[in-house]
Amino acid sequence: MDFTGAHILSIEQFQRQDIETLFRTADAMEPYAQRKKMTRVLEGAILGNMFFEASTRTRISFGSAFNLLGGEVRESVGAESSSLVKGESLRDTARVLSGYSDIICMRHPQAGSVAEFASASRVPVINGGDGSNEHPSQALLDLYTIQRELMTRGRSIDGVRIAMIGDLKYGRTVHSLSKLLCLFRNVKVVLVSPSELAMPETYVASLRDAGHQVVVTDQLEANISSVDIVYSTRIQEERFQDRQQADLYRGRFRLNQAIYTRHCEPNTVIMHPLPRDSRAEANELDADLDSNPNLAIFRQADNGLIVRMALFALILDVAHLVDKYAQDVRWFNHRSRS
Ligand code: CP
């Protein structure tokens, strides 16, 4: 694909060589993301960060990524504080906001909404999550994390064995990640969920069409013993018509250190797109795993900054200029010591 000026709406846009280009660019962003160096290649550019649904990581990391490349960020947070509540259409909103911005990131609770918005936008739009449909930038940072974690174990993404656990019906991150894994070879995917929250058949079929081994199960402990990655997810209570229905599934698939020690191979990587639900009745990823060196969830979140910087640099066609305009940082930076 040609990144320049592209909307990023779905993982289906990507080929394997695009992933390689993105990850190479992401590697080059690391010193800037860690504030060891700075660059101003997006000076004068404005990101419209439109989040019509709750977010911590995606909104802040997109905004920070743009700032770290020298650009400015304007935000709208919550549908109730935008004129969507007055009946303005997504298409009119897009026409207006794309006059104020050079690129837009958007999250919205309805599947397909970001694509509809993008169809009327005059600037590139990145999907920050549209309902239970897709979350492409999350899948890209997840895969980047998988690659980095496996590399330290002398492995690559081809041949990876991954268990996706939890709400696979409404969890958009696992939908996008499944599509992305179809670009790789010889993958084993174990899908652990209550049958009511199983991965939609279309994603399962795509994984099988890609030649991957797929196991569908509602049993956790017996199915995490032969995988390289356990990718836990939260029950997406906000997608249930009756939120009390979510109570039936919360806490069903808990991973803690005792279960990990008993059932997982010693170097199994633990991932989660976050937020993890730390309420006692949920607790799908126990805090007693926090001292486990294989817990990659915060490295995963950090990688979000790097991958999102790479997306901006490629879409706005400045990736080749980032180092040329590098400067030293002048403030005390604890990361410079590492
Ligand atoms: N992973 C993720 O999308 O987190 P937020 O909902 O906090 O953005």
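First, a word on scope: everything that follows refers to the structure included in this document. Model, not experiment: these values are computed from the prediction. (Residues numbered from 1 in each chain as written. Predicted model: local features only at pLDDT ≥ 70, side-chain atom pairs only at ≥ 80, totals over all residues. Heavy atoms only, no water.)

Let's shift gears to the pairing of strand 6 (residues 161-165). Counting buried positions along strand 6 gives 4 out of 5 residues, so the element sits mostly inside the fold. For strand 6 and strand 9 (residues 229-232), the ladder comprises 4 bridges, and the chain directions are parallel. Looking across to strand 9, one finds that Ala-163 is bridged to Val-230. (Buried < 20%, exposed > 50% of the residue type's maximum accessible area, 1.4 Å probe, protein only. Helix = DSSP H or I, 4+ residues; strand = E, 2+ residues; numbered from the N terminus. Pairing = 2+ DSSP bridges.)

Counting buried positions over the 6 residues of strand 2 (residues 46-51) gives 5, a clear majority of the element. Pairing geometry for strand 2 and strand 3 (residues 72-77), over 6 bridges, is parallel. Across the sheet, Leu-47 pairs through a bridge with Val-73, a residue of strand 3. Between strand 2 and its parallel partner strand 3, the chain crosses via helix 2 (residues 57-68), and the hand of that crossover is right-handed. By the bridge criterion, 5 bridges tie strand 2 to strand 4 (residues 103-108) in an arrangement that is parallel. When the sheet's bridge partners are listed, Phe-51 is paired in strand 4 with Arg-107. (Right-handed = clockwise from strand over helix to strand, strands pointing away.)

Because each turn of an α-helix spans 3.6 residues, side chains separated by three or four positions end up pointing in the same direction. Burial in helix 7 (residues 201-209) covers these residues: Tyr-203, Val-204 and Leu-207. Along the axis of helix 7, the buried positions cluster into a sector of 100 degrees, meaning they face one direction only. Helix 7 presents Glu-201, Thr-202 and Asp-209 as exposed residues on the side facing more than 90 degrees away from its buried surface. In this fold, the buried residues of helix 7 make contact with helix 6 (172-181), strand 7 (188-192) and strand 8 (213-217). One or two positions beyond helix 7, positive phi appears at Gly-211, with a value near 90 degrees. (Arc of directions from axis to C-beta. Contact = heavy atoms within 4.5 Å.)

Around the ligand, a shell composed of Ser-55, Thr-56, Arg-57, Thr-58, Arg-107, His-135, Gln-138, Pro-273 and Leu-274 is seen. In this structure, Arg-107 approaches the ligand through a side-chain N or O atom, which is 2.9 Å from an oxygen atom. Between Leu-274 and the ligand, the recorded distance is 2.9 Å, taken from a backbone N or O atom to a nitrogen atom. A total of 260 Å² of accessible area belongs to the ligand in isolation, and the protein chains cover 91% of it. Here the residues of the shell around the ligand are counted per class, giving 2 nonpolar, 5 polar and 2 charged. Built from parts of two domains, the shell around the ligand gets at least three residues from each of domain 1 (11-134 + 303-337) and domain 2 (136-298). (Near = heavy atom within 4 Å. Polar contact = N/O pair within 3.5 Å; in protein donor to acceptor, adjacent residues only side chain to side chain. Areas by Shrake-Rupley, 256 points an atom, 1.4 Å probe, with all protein chains shown as cover. Nonpolar A, V, L, I, M, F, W, Y, C, P; charged D, E, K, R; others polar. Domains from an automatic or database assignment.)

Sheet strands pair by backbone hydrogen bonding; their relative direction is either parallel or antiparallel. The strand order across the open sheet formed by 5 strands is 8-7-6-9-10, and the pairing between neighbours is parallel. Two strands bound the open sheet, and with one partner strand each, they are strand 8 and strand 10 (269-271). With direction set aside, neighbouring strand axes in the sheet form an average angle of 15 degrees. The pairing of strand 7 with strand 8 spans 5 bridges and is parallel. The partner of Val-189 across the bridge, within strand 8, is Val-214. Here helix 6 sits on the sheet in contact with strand 6, strand 7 and strand 9, set at roughly 160 degrees to strand 6. (Axes fitted to C-alpha atoms, helices over the stretch in contact; angles between N-to-C directions.)

Right, let's get into the pattern of salt bridges. One pass over the structure, following the stated rule, counts 23 salt bridges. The partner of Glu-75 in a salt bridge is Arg-59, and the shortest N-O contact between them spans 2.6 Å. With Glu-75 in strand 3 and Arg-59 in helix 2, this residue pair connects regions lying 16 residues apart in the sequence. Arg-59 gets classed as buried once you look at its relative accessible area, which sits at 18%. For the salt bridge of Glu-265 with Arg-161, the shortest nitrogen-to-oxygen distance reads 3.0 Å. (Salt bridge = Lys/Arg side-chain N within 4 Å of Asp/Glu carboxyl O.)

Counting buried positions along helix 6 yields 10 of 10 residues, so the element is predominantly enclosed. Among all positions in helix 6, only Arg-172, Thr-173, Val-174, His-175, Ser-176, Leu-177, Ser-178, Lys-179, Leu-180 and Leu-181 are buried.

This part is about the nonpolar core. By size, the foremost hydrophobic cluster in this structure holds 67 residues, and its most contacted members are Met-164, Leu-181 and Phe-312. In terms of residue count, helix 10 (residues 297-315) provides more of this core than any other element does, 10 residues in total. Once residues within four sequence positions are removed from consideration, Leu-181 is found in contact with Leu-143, Ile-157, Val-160, Ile-162, Met-164, Val-187, Val-189, Leu-207 and His-212. Membership of the second largest hydrophobic core comes to 19 residues, among which are Phe-253, Ile-259, Leu-274 and Leu-289. (Core = buried A, V, L, I, M, F, W, Y, C linked by side-chain atoms within 4.5 Å.)

With that out of the way, let us pick up the sheet that holds strand 3. Pairing in this open sheet of 4 strands is parallel, and the strands run 3-2-4-5 from one edge to the other. Whereas interior strands pair on both sides, the edge strands pair on one side only; in this sheet they are strand 3 and strand 5 (125-130). Across the sheet, the mean angle from the axis of one strand to that of its neighbour is 10 degrees, orientation sign disregarded. Along the sheet face, helix 2 touches strand 2, strand 3, strand 4 and strand 5 and points at about 180 degrees away from the line of strand 2. Relative to strand 5, helix 4 (residues 113-120) is tilted by about 160 degrees, and along the sheet it contacts strand 4 and strand 5.

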